[in-house]
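Coordinate analysis (summary)
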Amino acid sequence: MVIKDKPSTSVPLPTLERFRQVNYAFPKTEQILEHQRQGGKVFGWLCTYVPEEIMHAAGILPVRVTGYSQEMELEDGNAYMYINNCSFSRSCLQMGLRGEYQFLDGMVAGSTCDGARRLFDLWQYYIKTPFAHMLTIPRKFTEKAHDLYYQQVVQFQEHLEEFLGQQIADEQLRHSIEVFNRARALLRQLYELRKADAPPISGAETMEVLNASFRMPKELFNQWLEKLLAELGRTGNRHQGRARLMVVGSVMNNPEFVKSIEAQGGLMVADELCTSTRYWSDPVVLEEGQSPVAAISRRYLNNFPCARMVPSDERFNRILNLVKDFKVDGVISQIIRYCVPYAHDLPLLRDRLKEVGVPVLALDVEYGTSGSGQIQTRVQAFLEMLEARKR
Ligand code: SF4
């Protein structure tokens, strides 16, 4: 329901500020440095098909490797990587080449797409973290694909055990599953609040929480998110907009991009990104008598799918469910140039959304864009069109 001319109310949320501080200091956050001071190892991971619980169970702090939080000249990234690789992969590479991730003890990636694969190859060759591992990720959800992915996760665990000189026990894996499922449940609670006509948290604020979720120890993140949920319950914050929007597409984790859309009156109430809903949506379900590794691998391959997965219907159906559940008026698709998986899916997704009467604004972007100039003009026109449809 579009609510017009009612100002949003927003009192400060102390815990949100703490999440912002983590993101501001990233990659060298106090939590990461403290973990290393305590003798712990920190591993970088590149894609949501990398099973974090395996690293966590070994006492490692897994952090997500992301690029610059704003659009940057990528002279070093471009020098080592063909320009027709997405700017996300080139931005990450440049940060690596300039030593911003020097503290990492390991790097783990998935064979998601050409950009991610090339990034991993160059990272291994030029940045040389002590441990490096690439998981082969099938593109299907068949039992054969699950068998392949299960073998990949087992190989990853064995390689890690060899590197660390220690076994990862099932008990430790069960505990890590609990910790990560708790984070997923708390993030689901946070998203439930966004279904309200006037949610207590904006899309940009939510993205600050999401960014911190893969940049700090999960146990501490869970404690903070419990606090934030309590604060949100106490404050009367009400975010209102001219239209309820959902963002889909390539990897995007810049709150400024969402803020620029919300500054024009579009309220971001849902999203389908590998840095948001697709990161937390599915819990690991450990069946009676099932090995934790089998449960972990099944969850990661069946999780809310990336556009690289086939058939695409699984992803489209989940997006349509989010549109219905969050009462979305319009979808903003933001695709990084040369991001083949998402560019390929867009025309098909647009048709599925058209069938349910939901318009799509398709934006070609670079990673880190904050959404200025031409993007703002197009968002403005999109919001006017959505409002006109309501009259
Ligand atoms: S943005 Fe697209 S091309 Fe780049 S790593 Fe992600 S899926 Fe691959």
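Residues numbered from 1 in each chain as written. Predicted model: local features only at pLDDT ≥ 70, side-chain atom pairs only at ≥ 80, totals over all residues. Heavy atoms only, no water.

Here we look at the overall build of the protein
Short version of the rule: Put simply, DSSP marks the helices as runs of H or I at least four residues long and the strands as runs of E at least two long, and each gets a number from the N terminus on. Put simply, the radius of gyration uses C-alpha atoms, and a globule should come to 2.2 Å times the residue count raised to 0.38. Think of it in three bands: residues with accessible area under 20% of the maximum for their type are buried, residues over 50% are exposed, and the middle band is partly exposed, with areas taken using a 1.4 Å probe on protein chains only. What makes two residues a contact is simply this: any of their non-hydrogen atoms within 4.5 Å. In short, Shrake-Rupley with a 1.4 Å probe defines the accessible areas, and a residue's cover is counted only from the protein chains shown.
Scanning the protein from terminus to terminus reveals 16 helices and eight strands. For the protein, the C-alpha radius of gyration of 20 Å lies close to 21 Å, the compact-globule estimate for 391 residues. For the C-alpha atoms alone, the extent of the protein along its principal axes is close to 65 × 45 × 40 Å. Per-residue burial over the protein gives 61% buried out of 391 residues. Summarising the internal contacts of the protein: among those between residues at least 6 apart in sequence, 76% fall at separations of at least 24. Carbon and sulfur atoms form 52% of the exposed surface of the protein, whose accessible area is close to 16,100 Å².

Some words on the site of the ligand
Selection rule: It suffices for a single heavy atom of a residue to lie within 4 Å of a molecule or strand for the residue to be listed as near it. Charged residues are taken to be Asp, Glu, Lys and Arg, nonpolar residues to be Ala, Val, Leu, Ile, Met, Phe, Trp, Tyr, Cys and Pro, and polar residues to be all remaining types, Gly included. Boundaries of every domain are those given by an automatic assignment or by a domain database.
For the ligand, the full set of nearby residues is Cys 86, Phe 88, Cys 113, Ser 250, Val 251 and Cys 339. Partitioning the shell around the ligand into residue classes produces five nonpolar, one polar and no charged. Composition of the shell around the ligand by domain shows at least three residues from each of domain 1 (16–166) and domain 2 (173–390).

Describing a nonpolar patch on the surface
What counts, and what does not: Like-charged residues are merged into a patch within 9 Å and nonpolar side chains (Val, Leu, Ile, Met, Phe, Trp, Tyr) within 5 Å, provided each residue has over 30% relative accessible area and no salt bridge. The rule for a salt bridge is simple: a side-chain nitrogen of Lys or Arg has to be within 4 Å of a carboxyl oxygen of Asp or Glu.
Together, Tyr 80, Tyr 125 and Tyr 126 line one region of the surface with nonpolar side chains, adding up to about 360 Å² of accessible area. The class of Tyr 80 is partly exposed, set by a relative accessible area of 38%.

Remarks on the sheet that holds strand β5 (residues 243–249)
Cut-off, in case you're wondering: Two strands pair under a simple rule: DSSP has to find at least two bridges between them. Helix axes use the C-alpha atoms of the stretch in contact, all axes being lines fitted to C-alpha atoms, and the angles between their N-to-C directions lie in the range 0 to 180 degrees.
Ordered by their spatial adjacency, four strands build an open sheet running β6-β5-β7-β8, and the pairing between neighbours is parallel. The two strands at the open ends of the sheet, each matched to only one other strand, are β6 (266–272) and β8 (360–365). Adjacent strand axes in the sheet meet at a mean angle of 25 degrees when their direction is disregarded. Both β5 and β6 contribute to a ladder of six bridges, which runs parallel. By the bridge assignment for β6, Ala 243 is matched with Gly 266. Of the strands in this sheet, β5, β6 and β7 (330–336) touch helix α14 (residues 313–325), which is tilted by about 160 degrees from β5.

Examining the environment of Thr 275
The criterion, for reference: Any N or O atom pair separated by 3.5 Å or less is treated as a polar contact, with the protein-specific requirement of one donor-capable and one acceptor-capable atom, and with residues adjacent in sequence counted only for side-chain atom pairs.
Tracing the chain through its elements places Thr 275 in the loop between β6 and α12 (277–280). Classification of Thr 275 by relative accessible area gives buried; the value is 1%. Sequence spacing of Thr 275 and Asn 254 is 21 residues, and the spatial spacing of their C-alpha atoms is 10.0 Å. The contacts of Thr 275, once residues within four sequence positions are left out, are Arg 64, Met 207, Leu 210, Phe 214, Val 251, Met 252 and Asn 253. Among the polar contacts listed, one links the side chain of Thr 275 to the backbone oxygen of Met 252, at a separation of 2.6 Å.

Topic: the pairing of β8
Convention followed: We call a crossover right-handed when, viewed with both strands directed away from the observer, the connection leading from the first strand over the helix to the second proceeds clockwise.
Pairing analysis gives six bridges linking β7 to β8, with the strands arranged parallel. Across the sheet, Gln 334 pairs through a bridge with Leu 363, a residue of β8. Between the parallel elements β7 and β8, the chain passes through helix α15 (residues 340–355) in a crossover that is right-handed.

Observations regarding the domain arrangement of the protein
Worth spelling out the cut-off: Buried area is understood as the total, over both parts, of accessible area removed when two parts are fitted together, assessed with a 1.4 Å probe.
When cut into domains, the protein gives domain 1 (16–166) and domain 2 (173–390). With 54 residues of domain 1 at the contact, the number on the domain 2 side is 58 residues. When domain 1 packs against domain 2, the two sides together hide about 5,000 Å² of surface, and 63% of this comes from carbon and sulfur. Together, Phe 19, Glu 53 and Phe 141 form the three largest contributors to the area buried by domain 1 at its contact with domain 2, with a combined 16%. If you look at where domain 1 meets domain 2, you find three salt bridges.

What to know about the packing of aromatic side chains
Formally: The aromatic pairing rule takes the rings of Phe, Tyr and Trp, using the six-membered ring of Trp, and pairs them if the centres are within 6.5 Å, calling planes under 30 degrees apart stacked, those over 60 edge-to-face and the rest tilted. The rule for a charge over a ring is simple: NZ of Lys or CZ of Arg within 6 Å of the ring centre, and within 35 degrees of the ring normal.
Per the stated rule, a full pass over the model turns up 16 aromatic pairs. Taking the centre distance of 5.5 Å and the plane angle of 50 degrees together, the rings of Phe 19 and Phe 221 count as tilted. On the criterion of sequence distance, the pair formed by Phe 19 in helix α1 (residues 14–25) and Phe 221 in helix α10 (residues 218–234) is long-range, its members being 202 residues apart. We classify Phe 19 as buried; its relative accessible area is 0%. Members of the aromatic cluster, connected to one another through ring pairs, are Phe 26, Tyr 101, Phe 103 and Trp 123. Sitting over the ring of Phe 214, Arg 64 keeps its end group 5.1 Å from the ring centre.

Focus on the side chain of Arg 315
Along the chain, the position of Arg 315 falls in helix α14. We classify Arg 315 as buried; its relative accessible area is 3%. Separated by 2.7 Å, the side chains of Arg 315 and Glu 272 make a polar contact. In this structure Arg 315 touches Val 248, Gly 249, Glu 272, Phe 304, Pro 305, Cys 306, Ala 307, Tyr 342, Asp 345 and Leu 349, once residues within four positions along its chain are discounted.

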